Amino acid sequence: MQQSFPMNGGDGPHSYRNNSHFQRQDMNVSRTMIEEAIAKKLDVKCFSSNPFRLADLGCSVGPNTFIAMQHIVEAVERRYLAQGLKSEMPEFQVFFNDHVGNDFNTLFASLPTERRYFACGVPGSFHGRLFPESSIHFMFSSHALHWLSKVPEELLDKNSPAWNRGRIHYTSGPEEVSHAYAAQFEHDMEIFLSARAKELVVGGMIVFLILALPNGIPASQNPYGIMFDLLGSCLMDMAKEGLISEAQVDSFNLPIHLASPEQMTELVERNECLTIERMELVNSRSKLVGPINGKEYAMYLRAGLEGIFAQHFGSGIIDQLFDSFSKKIMESSHQLESGNKEGILLFVVLRRK
């Protein structure tokens, strides 16, 4: 059974909408790369249908999705002009997709009034089909594909070598745990890529940004891996204080996998309908100025993870969990700043054969 892990909805102080500036910074860094991909690799002459259809997979509640879609629409318009197709400029239709638990009310209440596209929502998991065959021209996804469809079952089996006792991620776990995560990710991505290959028109494109690890670098040297370990440490502290039980921690695992370029390349190559047009690591965090702000990082992670923690441990522990995390971030700031500099995100451009 697939699980749903919605971001914090609404417009409150802990909402994803008000705490997603790190993701927006990542998209800003990749904006030029997306524009280059469209300008060099998207042959709009081969598209005969009108409207031009785009989809954002894992759109959440905005505003980042609106910024990304507007940039992509403008880049596609420039591509039509560059190919001498001004008279054939299409209308645009954007499909905003996320899990059924996503706060679509907040999303659509904040749609830009001056947008240059028609908008509609598509609730459902992207780990499966969402659209009719050969119906989408361009797909985009940012900070979404690292979510697994479910926690690998062996992590919860006390008799399995992959039982992840006392941890909530594979960052500092044994090989069996990381192998279980990798196997689930590969299963999910094979389904994802197969579905997208059916839905894209020939010559269509998918661009995505995903949390990543450089080849050969352990998760313990990745800022996200470090932060997941710190969250697990906070929970174990709370278990020692009697606020939660160790059994609750043992039965909880974050369903997030950090992919490597090597792993992603192999998965795409297994799919014979998609070609890799560009793949590279990017690190927008290298452009941050000033010391690490523990509270800012805590708010950022809380906006994305509060729901899954509250579902398992109850909402009563959330404030203390992220307050404690904020302090641990400051204590570990040197470790975070000295973590791998090569890249924490993988930028990928695929084209439908």
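It should be noted that the structure appears before, not after, this text.
Everything in this summary refers to the structure shown in the same document. Predicted model only: the values in this text are computed from it and were never measured.

Quick notes on the side chain of Q184
- Mapped onto the elements, Q184 comes out in helix α4 (residues 175-199).
- Ignoring sequence-local partners within four residues, the contact set of Q184 consists of L148, S149, K150 and P152.

So, the sheet that holds strand β2 (residues 92-98)
- As summarised here, the arrangement of the seven strands in space is β3-β2-β1-β4-β5-β7-β6, forming an open sheet in which the pairing is mixed. Only two strands of the sheet have a single neighbouring strand rather than two, namely β3 (118-123) and β6 (274-282). Taken pair by pair, the neighbouring strands of this sheet meet at an average axis angle of 15°, ignoring direction.
- As judged from the six bridges shared by strand β4 (residues 136-142) and strand β5 (residues 200-211), these two strands associate in the parallel manner. Its bridge partner lying in β5, S142 is registered against L209.
- Against the sheet, helix α2 (residues 64-82) makes contact with β1 (52-57), β2 and β4, and its axis sits at roughly 150° relative to β2, the strand it touches most.
- Contacts between helix α7 (residues 261-270) and the sheet are confined to β5, β6 and β7 (345-352), with β6 contributing the most and set at about 170° to the helix.

Structural notes on the nonpolar core
- Counting 113 residues, the largest nonpolar core has F138, M264, F309 and F325 as the members making the most contacts within it.
- Per element, the largest residue contribution to this core is 11 residues, and it comes from helix α5 (residues 223-240).
- Each residue touching F138, except ones within four places of it in the same chain, is listed here: I34, I38, L42, F52, R53, L54, A55, I72, L200, M205 and V207.

Points about α7
- Residues P261, Q263, M264, L267 and V268 constitute the buried set of α7. Buried residues of α7, viewed axially, fall in a sector of 160°; they line one side. α7 presents E262 and E269 as exposed residues on the side facing more than 90 degrees away from its buried surface.

Comments concerning the packing of α4 against α7
- Interaxial distance between α4 and α7 falls to 10 Å at its minimum, and their mutual angle equals 40°. Relative to α7, α4 is oriented oblique. Regarding α4 and α7, the two cross each other, and that crossing is right-handed. Counting all contacts with α4, which are made through A182, F185, E186, M189, E190 and L193, the residues of α7 involved are Q263, M264, L267, V268 and R270.
- In the contact of α4 with α7, the residues fall into seven nonpolar, one polar and three charged.

A closer look at helix α8 (residues 294-313)
- The first and last C-alpha atoms of α8 sit only 23 Å apart over 20 residues, clearly below the 28 Å expected at 1.5 Å per residue.
- At L305, α8 is bent by approximately 60°, the largest bend along its length.
- The first or second residue beyond α8 is G314, which carries a positive phi of 95°.

Looking at unusual backbone geometry
- Positive phi, normally seen in glycine, also occurs at S60, with a value near 60°.
- Turning to its location among the elements, S60 is positioned in the loop between β1 and α2.
- Judged by its relative accessible area of 3%, S60 falls in the buried class.
- Unusually for a residue other than glycine, S134 sits at a positive phi of about 50°.
- Tracing the sequence through the fold places S134 in the loop between β3 and β4.
- Looking at S134, the relative accessible area reads 45%, which means it is partly exposed.

Some remarks on the packing of aromatic side chains
- Summed over the entire model, instances satisfying the criterion amount to 16 aromatic pairs.
- Both rings, one in F309 and one in F322, keep their centres 6.1 Å apart while their planes meet at 90°; by these two values the pair is edge-to-face. Placement of the pair is F309 in helix α8 and F322 in helix α9 (residues 318-331), with a sequence separation of 13 residues.
- The cationic tip of R196 hangs over the ring face of F192; the distance from NZ or CZ to the ring centre is 4.9 Å.

A closer look at the pattern of salt bridges
- Summed over all chains, the structure comprises 16 salt bridges.
- Residue E35 is joined to R31 by a salt bridge in which the shortest nitrogen-to-oxygen separation is 3.1 Å. With E35 and R31 both in helix α1 (residues 21-41) and four residues apart, the pair spans about one turn of that helix.
- A residue is classified by how much of its surface remains accessible, and E35, at 22% relative accessible area, is partly exposed.

Description of the side chain of S125
- Within the element layout of this structure, S125 appears in the loop between β3 and β4.
- Judged by relative accessible area, S125 falls into the buried class, the value being 15%.
- At 3.0 Å, the side chain of S125 and the backbone nitrogen of H127 are in polar contact.

Focus: the environment of I191
- Mapped onto the secondary structure, I191 falls in helix α4.
- Note: C-alpha distance between I191 and F126 (65 residues apart in sequence) is 8.9 Å.
- In this structure I191 touches H127 and G128, once residues within four positions along its chain are discounted.

Conventions and cut-offs
Residues numbered from 1 in each chain as written. Predicted model: local features only at pLDDT ≥ 70, side-chain atom pairs only at ≥ 80, totals over all residues. Heavy atoms only, no water. Helix = DSSP H or I, 4+ residues; strand = E, 2+ residues; numbered from the N terminus. Contact = heavy atoms within 4.5 Å. Pairing = 2+ DSSP bridges. Axes fitted to C-alpha atoms, helices over the stretch in contact; angles between N-to-C directions. Core = buried A, V, L, I, M, F, W, Y, C linked by side-chain atoms within 4.5 Å. Buried < 20%, exposed > 50% of the residue type's maximum accessible area, 1.4 Å probe, protein only. Arc of directions from axis to C-beta. Parallel < 35°, antiparallel > 145°, perpendicular 65-115°, else oblique. Left-handed = near helix turned anticlockwise from the far one by under 90°. Nonpolar A, V, L, I, M, F, W, Y, C, P; charged D, E, K, R; others polar. Expected span 1.5 Å × (residues − 1). Bend = angle between axes of the 7 residues up to and from the residue. Phe/Tyr/Trp six-rings, centres within 6.5 Å; stacked < 30°, edge-to-face > 60°. Lys NZ or Arg CZ within 6 Å of the ring centre and 35° of its normal. Salt bridge = Lys/Arg side-chain N within 4 Å of Asp/Glu carboxyl O. Polar contact = N/O pair within 3.5 Å; in protein donor to acceptor, adjacent residues only side chain to side chain.

From the geometry alone we can't say anything about function, so treat these as descriptive.
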